[in-house]
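Working through the structure, step by step
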Amino acid sequence: QVQLVESGGGLVQAGGSLRLSCTASGSIYRINAMGWYRQAPGRQRELVAVITDGGRSNYADSVQGRFTISRDNAKNTVYLQMNSLKPENTAVYYCNADVTVVDGYRRRTVWGQGTLVTVSS
């Protein structure tokens, strides 16, 4: 079993910054891609950013240039640095990982519990 634990959410004023962290633990053989998604009230969950195990990243157009995703493979951790935050970035942010587990070397998609980011105007 694999768990993802997020931290770093909170309340920030527009124009401010936050850094989210997500650490994976459990019966992990390999972590493939890791990413961040968000879900605002009344809206569907959407991709924010994703990073491969080789370090290649992709971003939603709306956050390109303001958000940076990175990972520390030795710590099984992915980060999301969010700068120039806007009120419309308010959402629950979820960590996601594509994991190969030790048991049978099967691939699993794992989600964190979510962390709330609130940006005030």
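The structure contained in this document is the topic of the report that follows.

Thresholds applied
- Residues numbered from 1 in each chain as written.
- Predicted model: local features only at pLDDT ≥ 70, side-chain atom pairs only at ≥ 80, totals over all residues.
- Heavy atoms only, no water.
- Helix = DSSP H or I, 4+ residues; strand = E, 2+ residues; numbered from the N terminus.
- Buried < 20%, exposed > 50% of the residue type's maximum accessible area, 1.4 Å probe, protein only.
- Contact = heavy atoms within 4.5 Å.
- Disulfide = S-S within 2.5 Å.
- Salt bridge = Lys/Arg side-chain N within 4 Å of Asp/Glu carboxyl O.
- Pairing = 2+ DSSP bridges.
- Axes fitted to C-alpha atoms, helices over the stretch in contact; angles between N-to-C directions.

Quick word on the environment of Gly-9
Locating Gly-9 in the fold gives a position in the loop between strand E1 (2–7) and strand E2 (10–13). Note on Gly-9: relative accessible area 32%, which makes it partly exposed. Linking Gly-9 and Val-99, residues 90 residues apart in sequence, is a C-alpha distance of 24 Å. With residues near it in sequence (within four places) discarded, Gly-9 still touches Leu-20, Thr-115, Leu-116 and Val-117.

Things to note about the state of the cysteines
One pass over the full model with this rule turns up one disulfide. The side chain of Cys-22 participates in a disulfide bridge whose partner is Cys-95; the two sulfur atoms lie 2.1 Å from each other. Handedness of the Cys-22-Cys-95 disulfide follows from its S-S torsion of about -85 degrees: it is left-handed. Taken together, the residues span a long stretch of sequence, with Cys-22 in strand E3 (residues 18–26) and Cys-95 in strand E9 (residues 91–101) at a distance of 73 residues. Like Cys-22, the residue Cys-95 is buried in the burial classification.

Regarding the pattern of salt bridges
Under the counting rule described, the total for this entry stands at four salt bridges. Between Glu-46 and Arg-38 there is a salt bridge, with its nearest N and O atoms 2.8 Å apart. Taking the relative accessible area as the measure of exposure, Glu-46 reaches 30% and is therefore partly exposed. Under the relative-accessibility criterion, Arg-38 is labelled buried at 7%. Across the salt bridge formed by Arg-107 and Asp-98, the nearest N and O atoms sit 2.3 Å from each other. Judged by its relative accessible area of 54%, Arg-107 is exposed. Given a relative accessible area of 19%, Asp-98 falls into the buried group.

Some remarks on the sheet that holds E1
Taken together, the four strands give an open sheet; going across it, the order is E1-E3-E8-E7, and neighbouring strands pair in antiparallel fashion. Both outer strands of the open sheet, E1 and strand E7 (67–72), are each paired with one neighbouring strand and no more. Across this sheet, the average inter-strand angle for adjacent strands is 15 degrees, counted without regard to direction. As defined by bridge partners, E7 adjoins strand E8 (residues 77–82) across six bridges and the pair is classed as antiparallel. Bridge pairing links Arg-71 to Val-78 in E8.

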